[in-house]
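# Geometric and topological summary
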Amino acid sequence: MSDTTQYNNDYENKWCPGCGNFGILNAIKKSLAGMQISPEKILIVSGIGQAAKTPHFLQCNFFHGLHGRALPVATGAKLADHDLTILVNMGDGDCYGEGGNHLLAALRRNINLTLLVHNNMVYGLTKGQASPTSRHGFVTKAQPQGVPYQASNPLALALSQGAGFVARGYCGEIEHLSQLISAGISYPGFSLIDVLQVCVSFNHENTYSFYKDRVYTLDKEEYTADDLHQAIEKSMEWEEKIPIGIIYQKDTVSYTDELAPLQSGSLFRQTYDPEKIRKVISDA
Amino acid sequence: MRIDVTITIGGEAGQGIQTVGDIIARVCHKAGLYLLAINDFESRIRGGHSFMQIRISDQPVLAPHHKIDMLIALNAETCALHKKEMAETGLVLLDIEKDAEKDDSKENLPEEAREKNVFPITFSQMAKDAGGKIMTNTVAAGACLALLGAPFSAFEQILKTTFAEKEKILENNITAGRSGFDAVKNTDFDKAFDWPSDGSAKGKLLSGSKALALGALAADCRLAAFYPMSPATGIMIHLAEFMDQLPVLVEQAEDEISAVNMIIGASYAGVRALTATSGGGFSLMVEGLGLAGITETPIVIINSQRPGPATGLPTRTGQGDLLFVINASQDEFPRFVFAPGSPNQAYDTLIRAFTLSEKYQVPAIILTDQYINDSLWITTREIEVPTEIERFVTTDEDMTSSSDYKRFAATASGISPRALPCKGRALVCATANEHDEAGHMSETIADRNTMVEKRKAKTKGMTGEMKGPKGYHGESESLLVGWGSSDGAIREAVDLLRAENVDVGGLVFSDIWPFPGKKTKDALSRCKRFITVEQNASSQLGLLIRQQTGLSFHTSLLQYDGRPFTPNWIAEHTKSVLEEIR
């Protein structure tokens, strides 16, 4: 097992003590170490929010972009150089709210990115407003009478969009989460890992004890995750018991493998050929 | 000019007006003539009124003409709509039903066809006889070319290249073309000319969109992400044609926000990346523009202008975005803004924009418009492909210690050595937040000031790269000052005015930002007055010149109706302005 300390940096962590993000950060390090992806070989792309600060807190290449827009940045980077290993860190507001259209497109595009959504069901950075995954009735300062909408179900959404790899992790199950991340990185297409994350400052409902009572790990022997209809059913389980693990996985071909200009190597690796361009232009 | 003929082909959208225009343009191009063909259409796929106007000459054509010498009317409405623009000796070819043709009294003809300069002709019936109404275009093109004086062989040759692999279709089109050609045998056209018999093509026949796409190829652009929007889409469609031959990928994004963020990601990862849109899409890209600004990521954005605000006039032309693109996004960061005035310039600008964008690690914006993009032009200079591409990137080998690499190291020039992620041991960290030299978020006063000053420091070097405005009889008493696509119309207007002994010259900007202040002052130092000529309602360039140099324009000639300038319009309005002074 490789050493996770190689990912440690001395940049001051800015999360609240007890934040669920620490568990996710540790799981990322464990996964990268286990897969022997050294800091200079990983690119982390993130949006805006507490989750999106993640790459600052470990040794890696990173692009910490705009709210909601991590997936397009990551997609552009992957199209430019599909030899890169890219992890995307977003929050629930970031990914399912502001970046919703990009998620829909990423699911359809099936480009080989691993998306980790730190889903704490509340806006942390802006201090406690409702997020797309806040439950109906969830009370906040901005929604004092309770959230008047239904919570979105990102897993069911992804499945309905034809996603090839859909998983749920929990920030309190670090080893399990690190395995999910590794499975996501190994998957040749787009992988969505929704991570149940505790927010100790603004969400007093979905706490460690809330999850402790409900979360159970899907048994790989019993639940093979290869049946879409079963997966949709699994994605609907919430009130009493909450499953974590790979909800659905199917064989796939990555988007970049299908594109004509990428057949002779990544766009980055290919060389500038003025003679050929001259000919193409003169024939055009 | 010995030859100067303007032909307008008009009808409903979907009648194939562009096909007629393309055929005529290609026959003329092949013969060694110059031309400019503008496309005027409504935002609809069928119906309405569209036209293509082709101006043909033995000299380079710089702008459309205000008078029509030959009108090919594929419907009666076209006659009425263009009546006022007809030259005195102008001829109208009107498509009519078969029955009406036989009637010499013209009584059964539509009202439009009874005018003396109208030549009713059964284009569509001839097409049907040759095998299908779809060939109405070919019949019309045949008639038009015959009237111009072209030999049938020149026409036939272009038909052969158009329908090369479809023998039956080619045969039918030749028959159709021949019937149109023969139908006007006994008709005189005042502006017919001796067809150049030994002509060879003078340059490349292409649209501005195509010139921009070719420029992107020559600039080694590898990723082009876009969301469809008129009049920018054509650039990407042309670029997509090369995906199976060159390492260039055209990606249709889910929206413009995604498109700009994709090219930022691609550029960060190490390839040259482009997007193209119009004002509305650019508005959506503005936050991304700021992201490129603060992360110092080189990108190129083409904004092909159309009149706005919001949806505005989707298929028409304008120059209303100048001040917008200079100031777009919150707070401040350096950027380049270019406004090419011809397809040759557009091509060259792409190469230059990518180079300078990477050299200074800033976004570059290219302003074109519907007129440049959608018109067919003949290039007046050779198209050159750079022999190599300088990328301005650094690697581990260039560093004393890759573990100490700082992506945003403070330097006197403001330019930090740019490494690429996952390409060596150096970690490349970038953030939309204000940051320290290593690329980590920082809110300290020192880091904030260092970064603002570092970014700002680039402006000096960037300004040095900017070309001053190009003078045309620049020593004159009065100067017409414009930018971008009005270049040609201004120069032709100057010619018209000087032919009448009016002491007028032109000055046209292609490099807008950072503003070439010193060069502008020099260029304006000798004139008594300058008049701005722009396609917006407040003379945005005039305001910018005043802000940057303290020099004020005498007055402005502004047109914002969505149609391109004609030299005549500029010349007439200039005369009125100058007469008022006397």
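Residues numbered from 1 in each chain as written. Chains lettered and ligands numbered in written order. Predicted model: local features only at pLDDT ≥ 70, side-chain atom pairs only at ≥ 80, totals over all residues.

Now for the overall build of chain B. What chain B contains, in helices and strands, is 19 helices and 21 strands. Over its C-alpha trace chain B gives a radius of gyration of 26 Å, about what one expects of a compact globule, namely 25 Å for 582 residues. In terms of principal-axis extent, the alpha carbons of chain B reach across some 90 × 65 × 45 Å. Considering only residue pairs separated by 6 or more positions, chain B has 75% of its internal contacts joining residues 24 or more positions apart. (Helix = DSSP H or I, 4+ residues; strand = E, 2+ residues; numbered from the N terminus. Rg over C-alpha atoms; globule rule 2.2 N^0.38 Å. Contact = placed C-beta atoms within 7 Å.)

As a further point, take the sheet that holds strand S18 (residues 504–509) of chain B. All names here are of chain B. Spatially, S16-S18-S17-S20-S21 is the arrangement adopted by the five strands of the open sheet, whose pairing is mixed. On the outer flanks of this sheet lie strand S16 (470–472) and strand S21 (555–558), each paired with one strand and no other. Neighbouring strand axes in the sheet, compared pairwise and without regard to direction, differ in orientation by 25° on average. By the bridge criterion, three bridges tie S16 to S18 in an arrangement that is antiparallel. (Pairing = 2+ DSSP bridges. Axes fitted to C-alpha atoms, helices over the stretch in contact; angles between N-to-C directions.)

Counting residues at the interface gives 53 residues for chain B and 44 residues for chain A. Of all the elements in the fold, those that place two or more residues in the side of chain B that touches chain A are helix H8 (208–218), strand S8 (221–226), strand S9 (249–252), helix H10 (256–268), helix H11 (279–295) and strand S15 (429–431) of chain B. Residue contributions to the side of chain B that touches chain A peak at nine residues, all from H10(B). In terms of residue class, the side of chain B that touches chain A is made up of 34 nonpolar, 11 polar and eight charged. Pairing analysis gives three bridges linking strand S2 (residues 61–64) of chain A to S15(B), with the strands arranged parallel. Residue pairing in the sheet places Phe62(A) in a bridge with Cys429(B) of S15(B). (Nonpolar A, V, L, I, M, F, W, Y, C, P; charged D, E, K, R; others polar.)

A separate point is the environment of Ser266(A). Residue and element names in this part refer to chain A. Within the secondary structure layout, Ser266 lies in the loop between helix H9 (255–258) and helix H10 (274–283). Residue Ser266 is classed as buried on the basis of its 21 C-beta neighbours within 10 Å. In sequence terms Ser266 and Gln143 are 123 residues apart; their C-alpha atoms lie 48 Å from each other. If we skip the residues at most four places from it in the chain, Ser266 touches Asp81, His82 and Asp83. (Buried ≥ 20, exposed ≤ 12 C-beta atoms within 10 Å, placed from the backbone.)

Let us look at the sheet that holds strand S5 (residues 165–170) of chain A. As summarised here, the arrangement of the nine strands in space is S7(A)-S8(A)-S5(A)-S6(A)-S4(A)-S3(A)-S1(A)-S2(A)-S15(B), forming an open sheet in which the pairing is mixed. The open sheet has two free edges, formed respectively by strand S7 (215–217) of chain A together with S15 of chain B, since each of these has just one partner strand. The sheet shows a mean angle of 20° between the axes of neighbouring strands, direction not considered. For strand S1 (residues 42–46) of chain A and strand S3 (residues 85–91) of chain A, the ladder comprises five bridges, and the chain directions are parallel. Each bridged residue has a counterpart across the sheet, and for Ser46(A) the counterpart in S3(A) is Asn89(A). Against the sheet, helix H2 (residues 70–80) of chain A makes contact with S1, S2 and S3 of chain A, and its axis sits at roughly 175° relative to S3(A), the strand it touches most.

Turning our eyes to something else, we now look at the packing of helix H1 (residues 21–34) of chain A against helix H6 (residues 174–186) of chain A. All names here are of chain A. Contact geometry of H1 with H6 gives a least axis separation of 8 Å together with a crossing angle of 55°. It follows from the interaxial angle that H1 and H6 lie oblique. Crossing of H1 over H6 shows right-handed handedness. Contact residues: H1 offers Gly23, Ile24, Asn26, Ala27, Ile28, Lys30, Ser31 and Gly34, while H6 offers Ile174, Leu177, Ser178, Ile181, Ser182 and Ile185. When grouped by side-chain class, the residues that make up the contact of H1 with H6 number seven nonpolar, six polar and one charged. (Parallel < 35°, antiparallel > 145°, perpendicular 65-115°, else oblique. Left-handed = near helix turned anticlockwise from the far one by under 90°.)

Residue and element names in this part refer to chain B. Relative to the 20 Å expected for 14 residues at 1.5 Å per residue, helix H1 (residues 17–30) spans 20 Å between its end C-alpha atoms, a close match to the ideal helical length. Within H1, 11 of the 14 residues are buried, leaving the element largely enclosed by the surrounding structure. Residues of H1 that are buried: Ile17, Val20, Gly21, Asp22, Ile23, Ile24, Ala25, Arg26, Val27, Cys28 and His29. Positioned one or two residues after H1, Gly32 has a phi angle of 90°, which is positive. (Expected span 1.5 Å × (residues − 1).)

What follows is about the pairing of strand S20 (residues 529–534) of chain B. All names here are of chain B. Within S20, five of the six residues are buried, which leaves it mostly tucked inside the rest of the structure. Strand direction decides the pairing type here: strand S17 (residues 478–483) and S20, joined by four bridges, are parallel. By the bridge assignment, Leu480 is partnered in S20 with Ile531. In the classification by handedness, the crossover that spans S20, the intervening helix H18 (residues 540–549) and the parallel S21 is right-handed. (Right-handed = clockwise from strand over helix to strand, strands pointing away.)

Further remarks concern the domain arrangement of chain B. Much of the literature gives interface size as the accessible area that the parts lose upon coming together. Per the domain assignment, the segments making up chain B are domain 1 (4–183), domain 2 (205–378), domain 3 (396–465) and domain 4 (470–581). A C-alpha centroid distance of 59 Å is found between domain 1 of chain B and domain 3 of chain B. (Domains from an automatic or database assignment.)

Our next topic: the confidence of the model for chain B. Residue and element names in this part refer to chain B. For chain B, per-residue confidence averages 95 on the pLDDT scale, and residues scoring 70 or more make up 97% of the total. For chain B, the element scoring lowest by mean pLDDT is helix H3 (residues 98–101), at 57; strand S12 (residues 336–338) scores highest, at 99. Reported confidences for the modelled complex are a pTM of 0.97 and an ipTM of 0.98. (pLDDT = per-residue confidence, 0-100.)

This next bit is on helix H4 (residues 100–109) of chain A. Taken residue by residue, H4(A) has His102(A), Leu103(A), Ala105(A), Ala106(A), Leu107(A) and Arg109(A) as its buried positions. Where H4(A) is buried, its residues contact H2, helix H3 (92–98), helix H5 (154–160) and H9 of chain A together with H10 of chain B. After H4(A) finishes, the residue Asn110(A) shows a positive phi value of roughly 55°.

Residue and element names in this part refer to chain B. For Glu167, the location among the structural elements is in helix H7 (residues 167–183). For Glu167, a count of 9 C-beta atoms within 10 Å corresponds to the exposed category. Between the C-alpha atoms of Glu167 and Glu382, which are 215 residues apart in sequence, the distance is 35 Å.

All names here are of chain B. Pro231 follows Ser230 through a cis peptide bond whose omega is 0°. Secondary-structure assignment places Pro231 in the loop between S8 and helix H9 (233–240). Within the chain, Ser329 stands out as a residue other than glycine whose phi angle is a positive 90°. In this fold, Ser329 is placed in the loop between helix H12 (322–327) and S12. The phi angle at Asp331 is positive, at roughly 55°, despite the residue not being glycine. Structurally, the position occupied by Asp331 is in the loop between H12 and S12. Given 10 C-beta atoms within a 10 Å radius, Asp331 is considered exposed.

Mapped onto the fold, Leu104(A) is located in helix H4. On a C-alpha basis, the gap between Leu104(A) and Met121(A) in space is 19 Å, while along the polypeptide they are 17 residues apart.

Further remarks concern the pairing of S9(B). Residue and element names in this part refer to chain B. As paired strands, S8 and S9 are joined by four bridges and run parallel to one another. Within the sheet, the bridge partner assigned to Leu223 lies in S9 and is Leu249. In terms of handedness, the path from S8 via H9 over to S9 forms a crossover that is right-handed.

On to the packing of H1(B) against helix H6 (residues 152–162) of chain B, then. Residues and elements named next belong to chain B. Viewed as axis vectors pointing N to C, H1 and H6 meet at an angle of 115°, and their least axial separation amounts to 9 Å. Handedness of the H1/H6 crossing: right-handed. Side by side, H1 and H6 meet where Ile23, Arg26, Val27 and Lys30 of the first sit next to Ala154, Phe155 and Ile158 of the second. For the contact of H1 with H6, the per-class residue count stands at five nonpolar, no polar and two charged.

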